[in-house]
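Survey of secondary and tertiary structure
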Amino acid sequence: MQSFNLVRANDSASAISAGAQSDTAQQGARVRFLAGGTTLVDLMKLGVEHPERVIDITRLPLADIRKEANGDLFIGATARNNDVAHHPLVAGGYAALSQALLAGASAQLRNAATTAGNLLQRTRCMYFRDLASPCNKRKPGAGCAAIGGANRMLAILGTSESCIATNPSDMAVAMMAYDAVVHVQGISAQGISVQGTSGAWQIPLKDFYVLPQDRPDIENVLKPGDLVTHVALPPRPAGERAFYLKLRDRASYEFALVSAAVAVTLAQGKIASARLALGGVGTRPWRVPEAEQVLVGQAPSEAAFRSAAEICLRGAQPQSQNGFKVELAKRCIIHALKHVTN
Amino acid sequence: MTSLDTVAPPVDSDDSRVSITLRVNGTEHKLAIDPRTTLLDCLREVLHLTGTKKGCDHGQCGACTVHIGGRRMNSCLALAAAHDGDEIVTIEGLGAPGHLHPMQAAFLEHDAYQCGYCTSGQIMSAVALLHEPVGPGDDDVREFMSGNICRCGAYPNIVKAIQQVRHGKSGAA
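Residues numbered from 1 in each chain as written. Chains lettered and ligands numbered in written order. Predicted model: local features only at pLDDT ≥ 70, side-chain atom pairs only at ≥ 80, totals over all residues. Heavy atoms only, no water.

The next thing to look at is the overall build of chain B. Scanning chain B from terminus to terminus reveals five helices and six strands. Considering only residue pairs separated by 6 or more positions, chain B has 54% of its internal contacts joining residues 24 or more positions apart. Element-wise, carbon and sulfur atoms account for 52% of the exposed surface of chain B, whose accessible area totals about 7700 Å². (Helix = DSSP H or I, 4+ residues; strand = E, 2+ residues; numbered from the N terminus. Contact = heavy atoms within 4.5 Å. Areas by Shrake-Rupley, 256 points an atom, 1.4 Å probe, with all protein chains shown as cover.)

Following this line, the structure appears as structure tokens:
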């Protein structure tokens, strides 16, 4: 592991100004925030990440989970994945998020991993993690060993000629379905400013991740110094039923081949509202509003679910080893929708 | 007042080591370590508490599981300096010869190991599990123990040992 200078932030402002000294907040940043460490320390051992300065943010007061006055659920950036999953407000009101978190990693990792760390976790593409392989995400312009290589686990949606790396998060898939908004503090104002708070703004999760295109090293909209403070989830409609279905090679402790987060309300036997997001198939957590719209007004049926699933997978570009994901993802969606509507 | 603490006033100008206090099994250790040192390496190589094992060193096998602030975590992915002052418990802090923790005794009784390399991590996970919201069944235990890999395949007896401690008998529902 490359040497680094380790400091502990006592307040957000100092963390932000220290982070702003980096030239990027993306791959290879010179300054990194350390929370649970389950991604960062791992990648530093591999030499994939090599910050000169590491800012420990675990002592900042960012771990709260609470209901806000406006009805939003506030989930602090450093709230641990297990604490979020088991919190009554999450398990009771946002079941798919609780299920997604508990379907991820192991109990030990969930005790360390944080909300913001999970949002920012890196792909498990083996070539990204292997310095001996060309990888455009690790080194722009180097090439991609995954295209034409071992790509069974990799993405079929949102890919480019530069990168087919899958976003590995379960949590972010459920948050995508729940219209999550990422709250950030920093010095480079972007997004929607939060009233009355200087340097604070919010980014809808659907706009948080960027597609790889020709710069897969840029994974999200964060700039140097940007500190995620919390994620807000709007209140859910009464009677909503939600489910996170994760399909994987092992029954536990494995990344998704495909997953689906669904949330549906019914009125007079018809679907009144629908939320649908996919994991394991996209270069970012994948949500398709058109597929949700197609469900609204229909009575629950396999045909209706299949038509929504077809829309979700429109434009899928399988690689040499992951063509099975196209039909598997459709069946995952159909199964999850059946589960919440029967 | 400065709001960034060097977690570690450098020991001297040519030395990148950081000064920390690790609280392990109730004992305070004042240490000067390289900030790269993981908690796992610090426990084993600096404090010579070798009961905690290094398996994969990437958070995948669970052999390095310890309790930090009462919660089980992978010590291989924790920087020791980031746990300055935290309460850490390792297998050495759980019981002693003649005064085994009930989980240690149950692992013995059920022969819940073969080579034993993963065992301290299994036991640290199993003890933490006793205070986690785990359902009553064997499948629930298997799910919550999935972060501890045993290449000998001692899983059936590990589950029996854990269920005995949880329910006072083996092979519960």
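Text resumes after the structure shown.
Next up on the list: the packing of helix H2 (residues 102–109) of chain B against helix H5 (residues 155–167) of chain B. Residues and elements named next belong to chain B. With their axes 8 Å apart at the nearest point, H2 and H5 run at an angle of 135° to one another. By the angle between their axes, H2 is oblique relative to H5. Seen along the crossing, H2 lies across H5 with a hand that is right-handed. Counting all contacts with H2, which are made through Pro102, Met103, Ala106, Phe107 and Glu109, the residues of H5 involved are Ile158, Ala161, Ile162, Gln164 and Val165. Classifying every residue of the contact of H2 with H5 gives eight nonpolar, one polar and one charged. (Axes fitted to C-alpha atoms, helices over the stretch in contact; angles between N-to-C directions. Parallel < 35°, antiparallel > 145°, perpendicular 65-115°, else oblique. Left-handed = near helix turned anticlockwise from the far one by under 90°. Nonpolar A, V, L, I, M, F, W, Y, C, P; charged D, E, K, R; others polar.)

Turning our attention to the domain arrangement of chain A. Per the domain assignment, the segments making up chain A are domain 1 (5–58) and domain 2 (241–341). Measuring from the centre of the C-alpha atoms in domain 1 of chain A to the corresponding centre in domain 2 of chain A gives 35 Å. (Domains from an automatic or database assignment.)

This brings us to the sheet that holds strand S6 (residues 87–89) of chain B. As a general point, the strands of a sheet are linked pairwise by backbone hydrogen bonds and lie either parallel or antiparallel. Residue and element names in this part refer to chain B. Spatial ordering of the open sheet is given by S3-S2-S6-S4-S5, a layout of five strands whose pairing is mixed. Both outer strands of the open sheet, strand S3 (27–33) and strand S5 (71–74), are each paired with one neighbouring strand and no more. Averaged over all neighbouring strand pairs, the angle between strand axes comes to 40°, with direction disregarded. In terms of strand pairing, strand S2 (residues 18–24) meets S6 through two bridges, oriented parallel. What sits directly across from Arg23, in S6, is Glu87. Lying over the sheet, helix H3 (residues 119–129) contacts strand S4 (65–68), S5 and S6, oriented at roughly 40° with respect to S4. (Pairing = 2+ DSSP bridges.)

With 55 residues, the main nonpolar core has Ile55(A), Leu97(A), Leu119(A), Met175(A), Leu205(A) and Leu233(A) as its most contacted residues. When residues of this core are assigned to their parent elements, the largest contribution, seven residues, is made by helix H8 (residues 171–177) of chain A. When residues are assigned to domains, this core turns out to be shared by domain 1 (5–58) and domain 2 (241–341) of chain A, each giving three or more. If we skip the residues at most four places from it in the chain, Leu233(A) touches Asp72(A), Leu73(A), Ile75(A), Tyr94(A), Leu97(A), Met175(A), Tyr178(A) and Ala180(A). Formed by 34 residues, the second largest nonpolar core is a distinct cluster that contains Leu22(B), Cys42(B), Leu47(B) and Leu49(B). (Core = buried A, V, L, I, M, F, W, Y, C linked by side-chain atoms within 4.5 Å. Buried < 20%, exposed > 50% of the residue type's maximum accessible area, 1.4 Å probe, protein only.)

This next bit is on the interface of chain B and chain A. In this assembly, 37 residues from chain B lie in contact with 41 residues from chain A. Across the chain B/chain A interface, buried area totals approximately 3200 Å², and carbon plus sulfur atoms make up 52% of it. By the criterion of area lost to chain A, the three top residues of chain B are Leu4(B), Arg36(B) and Leu77(B), representing 21% of everything that side buries. Summed over the shared surface of chain B and chain A, the number is three salt bridges. Linking Arg71(B) and Asp83(A) is a salt bridge whose minimum nitrogen-to-oxygen distance equals 3.1 Å. For the interface between chain B and chain A, the tally reads 17 residue pairs in polar contact (both at pLDDT 80 or more). The set of elements that each furnish at least two residues to the side of chain B that touches chain A consists of strand S1 (4–6), S5 and helix H4 (138–144) of chain B. Looking at which element gives the most residues to the side of chain B that touches chain A, the answer is S5(B), with four residues. (Buried area = accessible area lost by both parts, 1.4 Å probe. Salt bridge = Lys/Arg side-chain N within 4 Å of Asp/Glu carboxyl O. Polar contact = N/O pair within 3.5 Å; in protein donor to acceptor, adjacent residues only side chain to side chain.)

All names here are of chain B. Mean pLDDT over chain B works out to 92, with 90% of the residues at or above the 70 mark. Of the regions scoring below 50 in pLDDT, residues 9–13 engages in eight contacts with residues more than four places distant in sequence or in other chains. The ipTM, which scores confidence in the relative placement of chains, is 0.95 for this predicted complex, and the corresponding pTM is 0.95. (pLDDT = per-residue confidence, 0-100.)

Let us now look at the sheet that holds strand S11 (residues 258–267) of chain A. Residue and element names in this part refer to chain A. Spatial ordering of the open sheet is given by S10-S11-S12-S13, a layout of four strands whose pairing is antiparallel. Where the open sheet ends on each side, the last strands, each with one partner, are strand S10 (241–247) and strand S13 (286–287). Here helix H5 (residues 95–102) sits on the sheet and contacts S10 and S11; the angle it forms with S10, its principal contact strand, is near 20°. Contacts between helix H11 (residues 324–341) and the sheet are confined to S10, S11 and strand S12 (270–279), with S11 contributing the most and set at about 35° to the helix.

Any aromatic ring pair is given by two values, namely how distant the centres are and how the planes are angled relative to each other. Residues and elements named next belong to chain A. Inspection of every chain in the model, using the stated rule, returns two aromatic pairs over all chains. Their ring planes at 85° and their centres at 5.2 Å tell us that Phe208 and Tyr209 sit as a pair that is edge-to-face. Neither Phe208 nor Tyr209 differs from the other in exposure class; each is buried. The positively charged end of Arg66 is found above the aromatic ring belonging to Phe74, 3.8 Å away from the centroid. (Phe/Tyr/Trp six-rings, centres within 6.5 Å; stacked < 30°, edge-to-face > 60°. Lys NZ or Arg CZ within 6 Å of the ring centre and 35° of its normal.)

One non-glycine residue, Gln213(A), lies in positive phi territory at about 40°. On the secondary structure map, Gln213(A) appears in the loop between strand S8 (200–204) and strand S9 (227–233). Look at Asp57(B): it is not a glycine, yet its phi comes out positive at around 65°. Here Asp57(B) lies in the loop between helix H1 (39–46) and S4.

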